[in-house]
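# Secondary and tertiary structure notes
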Amino acid sequence: NRLSPHRLMKKRSAQSGNRKKILKVLIVILFLSGYFFASFFFKLFIIQEIHCKISDSECTEPIRAELNHLQGTLFFSPSISRTVTKITHSDPYISHIKVEYQFPHTISFFLQTKNPLVEIRCESTDLLIDTDGQVEENTRGLHLNISNISADQSICHSLLAQDHVDINDLRALMSFTQTVVKTTSDLSVEWIDQSTVLVQTATHQKIVLPINQLDRTFQMYQYLLDQHQLVEGWTELDLRFQKAIVKTQ
């Protein structure tokens, strides 16, 4: 009953061939199963629906158009963060964008806004001050439809270091700047230090005013000028102190 060596080899060869066929079938089955599983699984994380809110309102059409480019991308695609950065940099009124992923194919964007009050323009730096007095460098170089104040470079350095400014002093300075521009167009106003403002004529004649008494001291200057109590060749008048005003009068 013992098989000859030749038959034994043929039997082993047939068994080996059957095992290889079974292994190939298993590989194909596993591959197809993995393919269909991956297709189904990853399809759940493909963006198909996009929601966008800004201050409890629907986002504007330009922002919607930018976000719609994400249709069909994966939840964790780098293009999402790139799009968020692009939108934030394109609109100075947007401070932050929160992203929420909602399984299986919805993504929501919540845009938080800020309220710039005034722009401080220094020689090499521009700052934006919001309604709470918070300071931010205007690195995008965008000029908004808001009030602007010219200032010495040291002011910008100081405000950036403080990260906050007294909003009452700032509003007084804004009001004064607008008043000067409207009433006396040949004068320029510059914030030169924390407590002092410089008003200068087109011929570089100067008047130095205290930031906490801008309107009153400027009115005194205008009175002296109207009464011809200032000599024509004056170069600089300091009205920061009452003594100086009395002496001039």
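Residues numbered from 1 in each chain as written. Predicted model: local features only at pLDDT ≥ 70, side-chain atom pairs only at ≥ 80, totals over all residues. Heavy atoms only, no water.

### Some words on the overall build of the protein chain
Helix and strand content of the protein chain: seven helices and twelve strands. Each of the 249 residues in the protein chain was classed as buried or not, and the buried ones make up 34%. Taking the contacts inside the protein chain whose residues are at least 6 apart along the sequence as the reference set, 54% of them involve residues at least 24 apart. For the protein chain, the computed accessible surface area is about 16200 Å², with 55% contributed by carbon and sulfur atoms. (Helix = DSSP H or I, 4+ residues; strand = E, 2+ residues; numbered from the N terminus. Buried < 20%, exposed > 50% of the residue type's maximum accessible area, 1.4 Å probe, protein only. Contact = heavy atoms within 4.5 Å. Areas by Shrake-Rupley, 256 points an atom, 1.4 Å probe, with all protein chains shown as cover.)

### Focus: the pattern of salt bridges
A full pass over the atoms with the stated rule returns five salt bridges. The partner of Glu100 in a salt bridge is Lys98, and the shortest N-O contact between them spans 3.3 Å. With relative accessibility at 30%, the residue Glu100 sits in the partly exposed group. (Salt bridge = Lys/Arg side-chain N within 4 Å of Asp/Glu carboxyl O.)

### Remarks on the confidence of the model for the protein chain
Overall, the predicted model of the protein chain reaches an average pLDDT of 81, with 79% of residues at or above 70. Helix 7 (residues 242–248) is the least confidently modelled element of the protein chain, averaging 47 in pLDDT, while strand 1 (residues 49–54) averages 94, the highest of any element. Every residue in residues 243–249 scores below 50 in pLDDT, and together they form ten contacts with partners more than four places removed in sequence or on other chains. (pLDDT = per-residue confidence, 0-100.)

### Notes on the sheet that holds strand 1
Here four strands make up an open sheet; going across it, the order is 2-1-4-3 and the pairing mixed. In this open sheet, the two strands that pair with only one neighbour each are strand 2 (57–58) and strand 3 (94–102). Running over the sheet, helix 3 (residues 78–90) touches strand 3 and strand 4 (106–113) and is turned about 155° from strand 3. (Pairing = 2+ DSSP bridges. Axes fitted to C-alpha atoms, helices over the stretch in contact; angles between N-to-C directions.)

### Focus on the state of the cysteines
For the structure shown, the criterion picks out two disulfides. Between the sulfur of Cys52 and that of Cys59 lies a disulfide, 1.8 Å long from S to S. A torsion of -70° about the S-S bond marks the disulfide between Cys52 and Cys59 as left-handed. Covalently, Cys122 is tied to Cys156 through a disulfide, its sulfur atoms 1.9 Å apart. One quick way to see it: the torsion about the S-S bond of Cys122 and Cys156 is about 90°, and its sign makes the bridge right-handed. With Cys122 in the loop between strand 5 (116–121) and strand 6 (126–130) and Cys156 in helix 4 (residues 153–162), the pair connects residues that are 34 residues apart, well separated along the chain. On the accessibility criterion, Cys122 (10% relative accessible area) is buried. (Disulfide = S-S within 2.5 Å.)

### Considerations on the pairing of strand 10 (residues 196–200)
Counted residue by residue, strand 10 has five buried out of five residues, so it is predominantly covered. Across the two faces of strand 10 the burial is the same, with Thr196, Leu198 and Gln200 and Val197 and Val199 all buried. Hairpin connection from strand 9 (residues 188–193) to strand 10: two residues lie between these consecutive antiparallel strands. Bridge count for strand 10 against strand 11 (residues 206–210) is five bridges, and the pairing is antiparallel.

### Topic: a nonpolar patch on the surface
A cluster of nonpolar side chains, contributed by Ile22, Val25, Leu26 and Ile29, occupies part of the molecular surface with about 360 Å² of accessible area. One can find Leu26 in helix 1 (residues 5–43). In this structure Leu26 comes out as partly exposed when scored by relative accessible area, which is 46%. (Patch = residues over 30% accessible without salt bridge, like charges linked within 9 Å, V, L, I, M, F, W, Y side chains within 5 Å.)

### Brief notes about the environment of Thr139
Within the fold, Thr139 resides in the loop between strand 7 (135–137) and strand 8 (147–151). Distance from Thr139 to Thr125, taken between C-alpha atoms, is 8.2 Å for residues 14 residues apart in sequence.

### Points about helix 4
Buried residues of helix 4: Gln153, Ile155, Cys156 and Leu159, and no others. When helix 4 is viewed along its axis, its buried side chains cluster within an angular range of 155° and face the same direction. Of the surrounding secondary structure, the elements contacted by the buried residues of helix 4 are strand 5, strand 6, strand 7, strand 8 and strand 9. Of the residues flanking the end of helix 4, it is Asp163, one or two places downstream, whose phi is positive at about 70°. (Arc of directions from axis to C-beta.)

### Focus: the pairing of strand 11
Taken across its five residues, strand 11 has four buried, putting it largely inside the fold. The hairpin turn running from strand 10 into strand 11, its antiparallel successor, is five residues long, and His204 in that turn takes a positive phi close to 70°.

### A word on the nonpolar core
Ranked by internal contacts, the top residues of the largest apolar core, which has 30 residues, are Ile120, Leu170, Phe176 and Trp191. Broken down by element, this core gets its largest block of residues, six residues, from helix 5 (residues 167–183). Excluding residues that lie within four positions of it along the chain, Ile120 makes contacts with Thr125, Asp126, Leu127, Ile129, Ile149, Ala151, Cys156, Leu159, Leu170 and Trp191. Ranked by size, the runner-up nonpolar core spans 18 residues in total, among them Ile54, Val84, Ile87 and Ile107. (Core = buried A, V, L, I, M, F, W, Y, C linked by side-chain atoms within 4.5 Å.)

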